[in-house]
Every structure is written in structure tokens, then in C-alpha cells.
Amino acid sequence: MKLRVAAISFLNPAPLMWNFEHPPANHALLTRYDLAWSTPSVCAARLASGQADIGLVPIAAYAAHPSMRIIPGCTIASRGRVRSILLVVRGQNGREQTGMEGIRRVALDSSSLTSATYTRILFDRLWKSRPEFLTHAPDLDAMLATADAALLIGDPALLALEDRQAREQRTGERLLYLDVAEEWRRLTGTAWVAAVWTLSPEALAANSGSAAQVIEDFQASRDAGLAHIDKLVAEWSGRLPLPASTIHTYLTENIWYRLDEECLAGMELFYRYGAECGALPTAPQVKFLG
């Protein structure tokens, strides 16, 4: 029986998925894995409900399911500016003059789990504010019609950033675009981590799978993807209305794909701060497959 994989249909995981989507490696992998594509929050829900055995899930979801095991070596992270996690704030004057205390309501992208938690932590620890948070579909204008700030993640955030000047010309409204990963770095000095591959150990045992094989498959796919960035840029330039140069910079400079010690330090602070401000139920112990 194949292991069921919940994957994210955004640009940023594309290097992690290379071997699963491209020959010749995909021929062997598709005999061992079945893939289903969705958003980060749906990936987490599928893994939690048993509809998937492996998921590229937001790290916030791991706090609710600490029995899961993390596949070592692979992540969606950033060590600086990420571009695809934006807190967009209304107001002509910007943060430097008005502060963040004027924000009373924040609309959170309904595709988000982890980025919503990062946003809550930043308001609590960095901006010393506790606004009302509401969930909303990722539509910037509609979000800002009901809230003072909007959190966008993934491809909608990249597109909103690309449309920034055009929107200002259309509407006459100047918005403040905060990069959540940069703000996290400013607060903690650590990497911002969005998602990791997480696996149900019971599912692996039921499928008579090998932990070593799973680790090898997913790490090899990451390495192959990083070796084929130019081909990924060409593919995704046809899928998203973004310049090829923007996609290349995003995949090579904004996103970090190796789950290293800096990322683990960032995850530890995320869990501790999230539990302390009430955004997470507990601070889990990180456990790896192996």
C-alpha cells in the first residue's frame, strides 16, 4: 500500500517536490506514494484526520499533534525577508508615525495556521498589542474592508506585493507592507520556519514502510529541486503572473529549504512564545523520524 502524501500547491515548496513531479525519479516514487495537493491548513487537517500519512504541514499544526514525527532535513523557512508572508496595514502615515496600537482588527488568511500564529506572537511580544483576529479568504481589498490589517500568505502575498504600486495608483491609498519573517528575525534573531514534512509513525508501520527510505526519498527530492532552480523558474513563470527574476530570487534568496540548527532554534522560540501568548495549546518537544 502506498503512503498518502498531502502536498502544498504553492510556489515555495516546488524544489521539495522535484523528484515527485519529474522523471525519471517520479516513476519509482509514485509506486510508493500517492500525492494530493491543497493549502497548508488543509494538509494539516488531512494528516490529523488520518486522510494522509505524510504532510507538508505548518509547524503550528505539529503543536496539536506531537505524536507525529518530522522528516529531518527539509523545511520551508527563511533567514531574512520571505516576501510571501505579508501583514498589510491601513493608514497613510505608516508604522513609524502611528505605531501598531491603532490596529483593532486583523484579518487572517484562511489558508494560514503558522503565519497566523507568528502574527499573534508579533503583536503580543513586539508590538505589545492584542487586536481582534478574524479569519478571511485571501482577498486583500475585502479583508481591509473589514479590518485594519490583513495577513496574506503564499502566492496571494507574492501577487499583492507585485501589485503594490499599481494598487496605490488605482486607489490612492498607501498601505504598509510588513514582511512577517523579517519582523520575526527582528524580534528573535532566528530563522522563520513555516512548514516541515511530518509523518504518522502508525501509518508508516501499517504500510510496512522504511523510515530510512522515506528520509532518503524526501531529502533526495529537495536536493534535486535545488539543482534545477532554473527549470522550476521556467515552469512557474507560466503558472503565475510574476517576472521570472522575481520567482528566481524568491526560490534562491527568500526561501531556505534545509532544516538546520538555526531553523530548529526558531521553531523552539515559536513554540514557546506561541504557548505563552495563548496562540498554541502547548510547546511540544520536536521529535524526528529515524
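Note that the structure is a prediction, hence the values are computed from the model and not measured.

Caption draft 1: How the structure looks around the environment of Glu 162. Structurally, Glu 162 is set in helix α8 (residues 154–162). For Glu 162, a relative accessible area of 37% gives the class partly exposed. Separated by 80 residues in the primary sequence, Glu 162 and Leu 242 have C-alpha atoms spaced 7.5 Å apart.

Caption draft 2: Representation of the sheet that holds strand β6 (residues 105–109) in the model. Taken in spatial order, the five strands of this open sheet run β7-β6-β8-β5-β9, and their pairing is mixed. Whereas interior strands pair on both sides, the edge strands pair on one side only; in this sheet they are β7 (132–136) and β9 (176–179). Within this sheet the neighbouring strands show an average axis-to-axis angle of 25°, counted without direction. Bridge count between β6 and strand β8 (residues 149–153): three bridges; the pairing is parallel. In the strand pairing of β8, Val 106 is matched with Ala 149.

Caption draft 3: Looking closely at the packing of aromatic side chains. Taken as a whole and judged by the stated rule, the model has twelve aromatic pairs. Considering the side-chain rings of Tyr 33 and Phe 218, the 5.5 Å spacing of their centres and the 85° angle between planes classify their relative orientation as edge-to-face. Pair noted here: Tyr 33 is in strand β2 (residues 33–38) and Phe 218 is in helix α12 (residues 211–226), with a separation of 185 residues, a long-range link. You can call Tyr 33 buried: its relative accessible area is 2%. Phe 218 sits in the buried class, given a relative accessible area of 0%. Each ring, one from Trp 184 and one from Tyr 273, has its centre 6.2 Å from the other, and the planes form 65°; the classification is edge-to-face. Taken as a pair, Trp 184 in helix α10 (residues 180–188) and Tyr 273 in helix α15 (residues 261–276) lie far apart in primary sequence, 89 residues in all. Taking the relative accessible area as the measure of exposure, Trp 184 reaches 0% and is therefore buried.

Scoring rules and cut-offs
- By convention here, each chain's residues receive numbers from 1 onward along its written sequence.
- Whole-chain, interface and lining totals are the exception, using all residues; otherwise, since this is a predicted model, local features are given only for residues with pLDDT of at least 70 and side-chain atom pairs are given and counted only at 80 or more.
- As a rule here, side-chain values come from all non-hydrogen atoms in the structure, and water together with hydrogens is ignored.
- Runs of E in the DSSP output that reach at least two residues are strands. Runs of H or I that reach at least four are helices, and both are numbered from the N terminus.
- When accessible area is computed with a 1.4 Å probe and restricted to protein chains, residues below 20% of their type maximum are described as buried, those above 50% as exposed, and intermediate ones as partly exposed.
- Paired strands are those between which DSSP finds at least two bridges.
- Helix axes are fitted to C-alpha atoms over the stretch in contact, other axes to C-alpha atoms as well, and angles between N-to-C directions run from 0 to 180 degrees.
- For Phe, Tyr and Trp, where Trp contributes only its six-membered ring, two rings pair if their centres lie within 6.5 Å, and the inter-plane angle classes them as stacked under 30 degrees, edge-to-face over 60, or tilted in between.

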